[in-house]
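Residues per chain, in single letters:
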Amino acid sequence: MNQEKKYFNISQLLFWALIILLIILSIVKSDLGLFNEQQLSRRYLLDDSLNRIALQEEQEREEAEKEEDNQDPNSVIKRTWKWESFDGKTYTLSFTISRKAYESAKQTRLKSPQNEGCWINMFRHDRDGLKDMVDGYRNIIQEQKLDYRTAMQMVVSSAQNFDYTYITNQQEPCRNIRDGNGQKPTEDCKPKPYPYGCCDNVAPWAVYSPLEYAVNGAGDCDTKSLFAMTILKYLNMGFDAEMLMGDVEAGRHAMLGICVPNPPHRNLSVRDMRSGKRYYAWECTQRNNASELGAPVWQMFKNWEVVPIR
Amino acid sequence: MPLSQQIGIDKDIMQKLPAEVVQRQLFIFNGISLMLLVIGLISAVSATVYSLILFHQWFIAIGVGIFIGMVVFNLYRLFLMTGLDLKGSTLAHYHIKHENLYKEHNLHQLEGTAYQHPDEILKGWAQAAKDKLRDKISINPAAPRNAFTIAVRVFVMALLAVIFANGLEILMFSQQINLALAELKPILQQQPNDWTYTHILTPTANEPFILINANSLLLTFDTLAAGLGKWKLLLDVMVLAIYMIPLLVIYRSTEIRHGAYVQELALHEISKTTYHYLITQKYCHIFQEQIKGLKLEFRKYDHRTNKGAAAE
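Residues numbered from 1 in each chain as written. Chains lettered and ligands numbered in written order. Predicted model: local features only at pLDDT ≥ 70, side-chain atom pairs only at ≥ 80, totals over all residues. Heavy atoms only, no water.

K.L.:
I tried to follow the overall build of chain B on my own but got confused; where do I start?
P.N.:
Summing up its helical and strand segments, chain B has 13 helices and 0 strands in all. Walking chain B from its N terminus toward its C terminus, one meets helices and strands in the order α-α-α-α-α-α-α-α-α-α-α-α-α. Contacts spanning at least 24 positions in sequence make up 81% of the contacts within chain B whose residues lie at least 6 apart. Surface exposure of chain B reaches about 17000 Å², of which carbon and sulfur atoms provide 63%. (Helix = DSSP H or I, 4+ residues; strand = E, 2+ residues; numbered from the N terminus. Contact = heavy atoms within 4.5 Å. Areas by Shrake-Rupley, 256 points an atom, 1.4 Å probe, with all protein chains shown as cover.)

K.L.:
Is there a simple way to think about the interface of chain B and chain A in this case?
P.N.:
In many reports, interface size means the accessible area that the parts give up when they come together. Facing 44 residues of chain B, the contacting portion of chain A comprises 32 residues. Regarding the contact of chain B and chain A, the summed buried area is about 3600 Å², with carbon and sulfur atoms giving 75% of it. When the buried area of chain B at its contact with chain A is split by residue, B:Met172, B:Glu183 and B:Met238 rank highest and sum to 16% of it. Inspection of the chain B/chain A interface yields 0 salt bridges. At the boundary of chain B with chain A, the tally comes to 1 residue pair in polar contact (both at pLDDT 80 or more). In the side of chain B that touches chain A, the residues fall into 31 nonpolar, 8 polar and 5 charged. (Buried area = accessible area lost by both parts, 1.4 Å probe. Salt bridge = Lys/Arg side-chain N within 4 Å of Asp/Glu carboxyl O. Polar contact = N/O pair within 3.5 Å; in protein donor to acceptor, adjacent residues only side chain to side chain. Nonpolar A, V, L, I, M, F, W, Y, C, P; charged D, E, K, R; others polar.)

K.L.:
Hey, could you run me through helix H6 (residues 131–144) of chain A in this one?
P.N.:
Residues and elements named next belong to chain A. When the terminal C-alpha atoms of H6 are compared, their 20 Å separation across 14 residues agrees well with the 20 Å that a helix rising 1.5 Å per residue should span. Taken together, the buried positions of H6 are Met 133, Val 134, Gly 136, Tyr 137, Ile 140 and Ile 141. For H6, the arc enclosing every buried residue in end-on projection is 155°, short of the 170-degree limit, so these residues lie on one face. Turned more than 90 degrees away from the buried face of H6, the exposed residues are Lys 131, Gln 142 and Glu 143. The inward-facing, buried residues of H6 abut strand S1 (76–84), strand S2 (90–98), helix H7 (148–160), helix H8 (210–216) and helix H9 (221–235). Downstream of H6 by one or two residues, Lys 145 has phi in the positive range, about 55°. (Expected span 1.5 Å × (residues − 1). Buried < 20%, exposed > 50% of the residue type's maximum accessible area, 1.4 Å probe, protein only. Arc of directions from axis to C-beta.)

K.L.:
How do you make sense of the state of the cysteines when you look at a structure like this?
P.N.:
Working definition: the covalent bond between the sulfur atoms of two cysteines is a disulfide. Residue and element names in this part refer to chain A. For the structure on display, the rule yields 2 disulfides over all chains. Each disulfide pairs two cysteine sulfurs, and for Cys 174 the partner residue is Cys 198, the sulfurs being separated by 2.0 Å. On the sign convention where negative is left-handed, the bridge of Cys 174 and Cys 198, at about -90° about the S-S bond, is left-handed. Here Cys 174 is found in the loop between strand S3 (165–167) and strand S4 (197–199), whereas its partner Cys 198 is found in strand S4, with 24 residues between them in sequence. (Disulfide = S-S within 2.5 Å.)

This is the structure in structure tokens:
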């Protein structure tokens, strides 16, 4: 083929090759994973000028995730939380957690005994590691001159702020989880809007320690309730906070129990037979419930008991 | 009808060329015609996709698609055919100024005597001049071209390519875009009277969504760009290359630029003009003689007389 002919022939071949490639791509696009629809909604919300998620908070969270890759045991993990409480005010809390304490919290969780023993172990262990965070809450309360009720709401709303995340262990892996609508969670272990994320293989009892929650923000009912309870206990504001466990229509459930005078509702409360105190249930998995102490979201409320954490 | 005729190629012009040359030229122009048809089709499909998002009606969308497809096809055809010039060919000297040919073949001398010959003879002279000219053709492949007109054509076609690439990608990834939008919907729904949810992601009662479950081209573009990431650039470049290849072939392939068809077309035009020049000479003389034979008397009246006559 002479040089003159070559040019047209090659161009023609290239043209049809590109057309065929486009057709093939449109057929096998799903298999190649060219389009990544994951997290698109989050990106949209970040880009939206009407911004429903504080952009700064999201960027800080992304930076914090990058920081987590730093495995130096002497390093510290920095976090900034920003949330809206029941009083309509937005609170910001910046805190640090040492990587050593974080790794130690993980180890404590892995060695924990079942159920309440597990919560007690983690509660006791995380005191030192959470010191900076607890001090941060205390500063907010002092600076803003919050009364005990508003302070309590401020702490619980911070735990509610992150989207629900399924926490599972080996007995019930993420791939088997379905919610009431039959929706499967995404297996990325990050708090995100519906469909929620899921953390797989959180041994041994599918619950994160308060310190781990402070770092990751991923949690379900017992993780979030345990975190809120731990902070409230360490703030020592003059009222009791405990873990509640029982059955609701969705199955076995954990909630935060608060022992305060004049609660806004009386139907969801559990009496501790040992102390005689009544603890009012506060749902921690839903953000900003209409009621101060959490709306009574459950119709069924059976076999509830107070789990004292000391 | 051969494909090459779709872009305006007349194979009868190449009658005097060897069969294998004609065959090769027809193969090339058939190939280019097919490319242009495919580009027109891509543009039509892409315009249909855009119209579906804007109007939510198949009838209107297909109508718009066909119209846009035909516009692009004809625009491209125009770009290609007007790009076939004689830069670098000796024929340009005669094609731009036909008097050069008349002078060279002493056709000016026939001005007084052309009427004496029948039309066929005149046609033969024009044909003979054309054949002599064909023997003199020489090509300078390094002859410069008008960069501005090339740049304008490339820019216009590149712009169209990028626009229609988006439509094509929306069609390719419509399912994935809809999944992403479905993920966004429940989040926006949580806000009371959310504008995007109400106006962009909710269809009106009589116009259900078709293809993309959104009213907004911009939101669709954003979703497409965010979902594809770097792959979008690759797909855009692929479509851009598809749109550019015929233009590139016309300007770069010597088989086309200085090919037999272009030379024959120029010769055909020169010979037609030469024949009409001779015919004009002939009939000009004949009509002049006829007018003289009528013995018409042209008088010049002064201005006043004409006025007076009109008044009477």
